[in-house]
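# Breakdown of the fold
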There are 2 protein chains.
Amino acid sequence: MNQLLHLPLREIPARIRQRQLSVSDLIQATLQQIERTEPDVQAWVEIDRDGALREAERLDRLAARGTVLPLHGVPVGLKDVIDVAGLPTRAGFAPLADHPAQADAAIVARLRELGAVVLGKTHTTQLAFADPAPTRNPWAPDRTPGGSSSGSAAAVAARQSPLTVGTQTAGSVVRPAAYCGVVGFKPSLDWFPLDGVIPLAWSLDHLGIFTRSVEDAAYAYVALCAHQRLEVPLATEPPRLFLLVDFLELAEPEVAAHLQDVARRFREAGARIEERRLPVDVHLLLAVHHVIMLSEMGALHQQMLERVPDAYGPRLRSAVEVGQLVPAGALLHARRLRRRLSTLLDSFLSQVDAVILPTASGPAPDRSTTGDRRFQAVWTLLGTPALSLPSGLTHDGLPLATQLVARFGHDRHLLHVAAWCERILPSLPPPPLA
Amino acid sequence: MNQLLHLPLREIPARIRQRQLSVSDLIQATLQQIERTEPDVQAWVEIDRDGALREAERLDRLAARGTVLPLHGVPVGLKDVIDVAGLPTRAGFAPLADHPAQADAAIVARLRELGAVVLGKTHTTQLAFADPAPTRNPWAPDRTPGGSSSGSAAAVAARQSPLTVGTQTAGSVVRPAAYCGVVGFKPSLDWFPLDGVIPLAWSLDHLGIFTRSVEDAAYAYVALCAHQRLEVPLATEPPRLFLLVDFLELAEPEVAAHLQDVARRFREAGARIEERRLPVDVHLLLAVHHVIMLSEMGALHQQMLERVPDAYGPRLRSAVEVGQLVPAGALLHARRLRRRLSTLLDSFLSQVDAVILPTASGPAPDRSTTGDRRFQAVWTLLGTPALSLPSGLTHDGLPLATQLVARFGHDRHLLHVAAWCERILPSLPPPPLA
């Protein structure tokens, strides 16, 4: 594999500034890797080869004039629910296939402003819900890459792009990241405007990013947010953590044992870790998430489901139909519970730097499903930042992952903690399909 | 009638400071007026005679030691959905009759802190909805005082108290103020915490106040909010106003003609007034209000309606039952519309100092109803400040009123505009039952 495909994000503009790298060479290498691996992985709906090469040339001219931007030349893939001007936002939903977006989504405009090169659109489950995309897991083609940001996770795992963007309404960033053995970071709710992103559930939708390392995630996050100081490399203090017993009990035995092993390694490196239970039943949090998500989906899709019922996959259709049965009173109670539980959980999370739990109950299942959302949806409901860190392999070679969660708004602190954790764990090799 | 009952609010602490008035004398006079008029008016559920006299003595001792508070000695009545420690909050609902409140509502605690003397609890329609209270209109005993803050409005009109507190979820402050010929002021949504107030619909409930004049309303409002400078007497610049044609078309002819006459007087005094239409159909605003209010009422009363169905009046019960039929999707659409329409209306309202319209479609109807909420509910939905100003009498001697509305948050500016308007209009005499 071309060595350029292994560069950390911040090395890309640095080498361009030092005239050791051209954007065109990097994009050429990236497109070759996609060409080589895409028949097996199927991460992309559409690749804008010409547009990417043209933009690479423009960025090279810009660099020659002395201007190098924070993400100068960084290739990026966008989940196909995110508008890129001139390309259709298909969202895995046939009625949307023929309409090119008029304008870039806010996140795409920001990425371009930072010098990133848009490669194209990555596969999503239908409208970011649960009907599987065609994408395969780069670790094992019979397994799901997870969903709904299936292509975005698989593309980073297959070294097709060092940075991709996805969305999470239940577990759609951190779960596919876990299944594909890459870093997935969902910052706090409303960290970035959702303009130009097809909604799934208004009050739960988050944007998130996929990278190969925590440092890359931090670099991209800080650039996107326009924080002035790029605090990478990240700090090294051993953190204080809670290991969440509730989720160990719900996890498959191999996953639970893995998390105990991860906690042991962290302890040996100086972390202070207590096993703790959440102050509230996980199933209450999941029920509240479920009522809110389904109600909002029901409202969003009301007219569309009447117009084109046959375009709907069975899982999306059923969720929308259930959502339309929810009475307003149930939604109001769920929203009030969400507020109350958020306050309760915030005071729980405030006792430590982060809590750790498995990102998912098991490794990637077969491709009939996109996996189990229970371990991720809790944090989406609360809007807290969550990061999935690859932390090992199962006995048959599938990625395992540790999820780190911090208080609402403490996104940067979570990245520091995650960087410390990442240094303790052995790094995964590239997957077989990369 | 005792001259003490005509003192403007700010004169009360001023005279106490100058040792020209004792709180005990004022409370004695007030209790005598209640005793004299209450058999006809029936504004009060409970009068805490002993408590009020004890508090008056305490405040007189405090004044003797040199401490005079901003509402020192001001008698106040609380709508019976507002907790006063030691008294039951009956809310016109039998199951609540026997439970004395453990603590004062936030607004009551604040009033006491400012030196006000709690006289007792005023009648409300059942749980602040639409099943009439026993209170009569002091201008005509066969007419409704309006609702839901029926007793609070009638008590101020009958000179039983210079200040009372009510709540508004549709039109429950400004409408009874209009019917009873007093000033009713509903500041912007969330101007004061609702702790200790029985909710009717969480996102629409407002506290509001009744007084005999705009200056009294401003004096009490500023004291309650702890604004540092008491800007009374109020400014005198002629305002720029829109007269809202939509509501003139919906009003009874006598009311529409009255508003045109009011506008003519304002113009002659220098105000610049244009006739304008709202940028959105009044009926859309009313439908959005209706869906949100009924949904929230349905959620709030779900368990109670199952437990004690027979305690419910027919109007409240039917509204709660309708609310339980609303699907979550309809509520979500209504909430999104509310946000969108609020932005639209805010930019409309930003073009002038205030808009004017009738407070109600007609004068007080008979006692089978509490009146028409359409002219008030629009502003409750938007959370904008609204003030009802007595502006005349019908040919058979019932009060007519002009409603002034300003942008969200511009409560104090609205008080200034209303004070200017009040000076142009002839003041009403006390009503026959006072």
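Only a predicted model underlies this, so the values are computations on that prediction, with no experimental measurement involved.

### Observations regarding the overall build of chain A
Along its length, chain A carries 14 helices and 11 strands. Computed over C-alpha atoms, the radius of gyration of chain A comes to 20 Å, within 12% of the 22 Å expected from 2.2 N^0.38 for 434 residues, which places it in the range of a compact globule. With the principal axes as the frame, chain A shows a C-alpha extent of 60 × 60 × 40 Å. A total of 434 residues make up chain A; the buried ones form 61% of that total.

### Points about the environment of Ala155 of chain B
Looking at where Ala155 of chain B falls in the secondary structure, it is placed in helix H5 (residues 150-157). Not counting chain neighbours up to four residues away, the residues in contact with Ala155 of chain B comprise Ala43, Trp44, Gln160, Ser161 and Thr164 of chain B.

### Remarks on the relation of the copies chain A and chain B
Note on the chain copies: they are related by a rotation about an axis and a translation along it. Rotating chain A by 180° and translating it 0.0 Å along the rotation axis places it on chain B, where the RMSD comes to 0.0 Å. Taken together, the rotation and translation relating the two chain copies correspond to the operation of a two-fold axis.

### Here's the deal with the side chain of Asp80 of chain B
Residues and elements named next belong to chain B. Here Asp80 shows up in the loop between strand S2 (75-79) and helix H4 (106-113). Residue classification places Asp80 among the buried positions, given a relative accessible area of 1%. A polar side-chain atom of Asp80 sits 3.0 Å from a polar atom in the side chain of Lys121. The residues contacting Asp80, other than those within four sequence positions of it, are Val45, Pro88, Thr89, Arg90, Ala91, Lys121, Thr122 and Thr124.

### Points about the sheet that holds strand S7 (residues 240-244) of chain A
Note on sheets: strands pair through backbone hydrogen bonds, and any given pair is parallel or antiparallel. Residue and element names in this part refer to chain A. If you trace the 11 strands from one edge of the open sheet to the other, you get S1-S3-S2-S4-S6-S5-S10-S11-S9-S7-S8, paired in mixed fashion. Two strands in the sheet have a free side with no partner beyond their single neighbour: strand S1 (44-47) and strand S8 (272-276). Neighbour-to-neighbour, the strand axes of the sheet open up by a mean angle of 30°, direction not taken into account. Of the pairings in the sheet, the one linking strand S2 (residues 75-79) to strand S3 (residues 117-122) comprises 5 bridges and is parallel in character. What sits directly across from Val76, in S3, is Val118. Docked against the sheet, helix H5 (residues 150-157) engages S1, S2, S3, strand S4 (163-168) and strand S6 (206-211), running at close to 150° with respect to S4. Its contacts with the sheet put helix H14 (residues 411-424) on strand S5 (183-186), S7, strand S9 (354-358), strand S10 (386-393) and strand S11 (399-405), and the angle it makes with S10 is roughly 10°.

### Comments concerning the nonpolar core
One finds Ile107 and Trp379 of chain A together with Ile107 and Trp379 of chain B to be the most contacted residues of the largest nonpolar core, which totals 290 residues. Trp379 of chain B has contacts with Lys186, Leu244, Phe247, Leu278, Val355, Leu357, Thr384, Ala386, Gln403 and Val405 of chain B, leaving out every residue within four places of it along the chain.

### Details of H4 of chain B
Residues and elements named next belong to chain B. Considered for burial, the residues of H4 that qualify are Ile107, Val108, Arg110 and Leu111. Along the axis of H4, the buried residues cluster in a sector spanning 160°; they form a single face. Here the buried face of H4 lies against S2, strand S3 (117-122), strand S4 (163-168), strand S6 (206-211) and helix H7 (214-225). A positive backbone phi angle near 95° is found at Gly115, which sits one or two residues after H4.

### Observations regarding the pattern of salt bridges
Pairing is possible between side chains of opposite charge, provided their charged atoms come close. All names here are of chain A. Here the structure, examined in full by the defined rule, presents 40 salt bridges over all chains. Across the pair Glu35 and Arg49 runs a salt bridge, and its minimum N-O distance is 3.3 Å. Of this pair, Glu35 sits in helix H2 (residues 23-41) while Arg49 sits in helix H3 (residues 49-64), and the two are 14 residues apart along the sequence. A relative accessible area of 35% means that Arg49 is categorised as partly exposed. One salt bridge connects Asp372 with Arg374, and the closest N-O pair in it is separated by 2.8 Å. Among the residues examined, Arg374 registers a relative accessible area of 27% and is labelled partly exposed.

### As for the side chain of Thr167 of chain A
Residue and element names in this part refer to chain A. Tracing the chain through its elements places Thr167 in strand S4. Looking at Thr167, its side chain comes within polar contact range of the side chain of Lys79, at 2.7 Å. Contact partners of Thr167, with chain neighbours within four places excluded, come to Lys79, Val81, Ala128, Ser148, Ser149, Ser172, Val173, Val197, His206, Leu207 and Gly208.

### Thoughts on the sheet that holds strand S7 (residues 240-244) of chain B
All names here are of chain B. Judged by pairing direction, the sheet is mixed, and its 11 strands sit side by side in the order S1-S3-S2-S4-S6-S5-S10-S11-S9-S7-S8 without closing on themselves. At either end of the open sheet lies a strand with only one pairing partner, and these are strand S1 (44-47) and strand S8 (272-276). The average angle at which neighbouring strand axes cross in this sheet is 30°, direction not considered. In this sheet, S3 lies alongside S1 in antiparallel orientation, the contact comprising 3 bridges. Pairing of Glu46 across the sheet is with Lys121, part of S3. In this fold helix H2 (residues 23-41) packs onto S1, S2 and S3, with an angle of close to 20° to the strand it touches most, S3. Docked against the sheet, helix H9 (residues 253-268) engages S7, S8, strand S9 (354-358), strand S10 (386-393) and strand S11 (399-405), running at close to 60° with respect to S11.

### Comments concerning the interface of chain A and chain B
Taken together, the contact between chain A and chain B spans 15 residues of the former and 15 residues of the latter. The interface formed by chain A and chain B contains 0 salt bridges. Across the chain A-chain B interface, the total number found is 4 residue pairs in polar contact (both at pLDDT 80 or more). Mapped by element, the contributors of at least two residues to the side of chain A that touches chain B are helix H10 (282-307) and helix H12 (328-349) of chain A. When residues in the side of chain A that touches chain B are grouped by element, the largest group, 7 residues, is from H12 of chain A. Looking at side-chain class alone, the side of chain A that touches chain B contains 7 nonpolar, 5 polar and 3 charged residues.

### Focus: helix H11 (residues 314-325) of chain B
Residues and elements named next belong to chain B. Between its first and last C-alpha atoms H11 spans 17 Å; for 12 residues at 1.5 Å apiece the expected length is 16 Å, and the two agree. By the burial criterion, the buried members of H11 are Leu316, Ala319, Val320 and Gly323. Buried residues in H11, looked at end-on, bunch into an arc of 100°, giving them a common side. In H11, the exposed positions angled more than 90 degrees off the buried face are occupied by Pro314 and Leu325. Along its buried surface, H11 packs onto helix H10 (282-307).

### Here we look at the packing of aromatic side chains
This model, assessed by the stated rule, comprises 16 aromatic pairs over all chains. Ring centres of Phe247 of chain A and Phe375 of chain A lie 5.2 Å apart, and the angle between their planes is 65°; on these two criteria the pair is classed as edge-to-face. Here Phe375 of chain A lies in helix H13 (residues 374-382) and Phe247 of chain A lies in helix H8 (residues 245-250), a separation of 128 residues in the sequence. For the pair Phe247 of chain A and Phe375 of chain A, a shared accessibility class is recorded, and that class is buried. Here the aromatic rings of Phe185 of chain B and Tyr221 of chain B are separated by 5.4 Å at their centres, their planes lie at 75°, and the arrangement is edge-to-face.

### Here's the deal with the pairing of S2 of chain B
Residue and element names in this part refer to chain B. In terms of burial, S2 is a largely internal element, 5 of the 5 residues being buried. Of the two faces of S2, the one carrying Pro75, Gly77 and Lys79 and the one carrying Val76 and Leu78 are both buried. Regarding the hand of the β-α-β motif, the stretch spanning S2, H4 and S3 is right-handed. Two elements, S2 and S4, share 3 bridges in a ladder whose sense is parallel. From the neighbouring strand, Gly77 faces S4, where its bridge partner is Thr164.

### Looking at the environment of Gly362 of chain A
Residue and element names in this part refer to chain A. Looking at where Gly362 falls in the secondary structure, it is placed in the loop between S9 and H13. It is 49 Å that separates the C-alpha atoms of Gly362 and Gly66, two residues lying 296 residues apart in sequence. Beyond its immediate sequence surroundings of up to four residues, Gly362 is in contact with Tyr179, Glu252 and Val255.

### Describing the packing of H10 of chain B against helix H12 (residues 328-349) of chain B
All names here are of chain B. The geometry of H10 relative to H12 is characterised by a closest axis approach of 9 Å and an angle of 130° between their N-to-C directions. In terms of their interaxial angle, H10 and H12 are classed as oblique. By crossing handedness, the relation of H10 to H12 is classed as left-handed. In this structure, H10 contributes Leu284, Leu285, Val288, Val291, Ile292, Ser295 and Glu296 to the contact, and H12 contributes Ala330, Leu331, Ala334, Arg335, Leu337, Arg338 and Leu341. Taken together, the residues of the contact of H10 with H12 sort by class into 10 nonpolar, 1 polar and 3 charged.

About the criteria used
Residues numbered from 1 in each chain as written. Chains lettered and ligands numbered in written order. Predicted model: local features only at pLDDT ≥ 70, side-chain atom pairs only at ≥ 80, totals over all residues. Heavy atoms only, no water. Helix = DSSP H or I, 4+ residues; strand = E, 2+ residues; numbered from the N terminus. Rg over C-alpha atoms; globule rule 2.2 N^0.38 Å. Buried < 20%, exposed > 50% of the residue type's maximum accessible area, 1.4 Å probe, protein only. Contact = heavy atoms within 4.5 Å. Least-squares fit on C-alpha atoms with pLDDT ≥ 70 in both. Polar contact = N/O pair within 3.5 Å; in protein donor to acceptor, adjacent residues only side chain to side chain. Pairing = 2+ DSSP bridges. Axes fitted to C-alpha atoms, helices over the stretch in contact; angles between N-to-C directions. Core = buried A, V, L, I, M, F, W, Y, C linked by side-chain atoms within 4.5 Å. Arc of directions from axis to C-beta. Salt bridge = Lys/Arg side-chain N within 4 Å of Asp/Glu carboxyl O. Nonpolar A, V, L, I, M, F, W, Y, C, P; charged D, E, K, R; others polar. Expected span 1.5 Å × (residues − 1). Phe/Tyr/Trp six-rings, centres within 6.5 Å; stacked < 30°, edge-to-face > 60°. Right-handed = clockwise from strand over helix to strand, strands pointing away. Parallel < 35°, antiparallel > 145°, perpendicular 65-115°, else oblique. Left-handed = near helix turned anticlockwise from the far one by under 90°.

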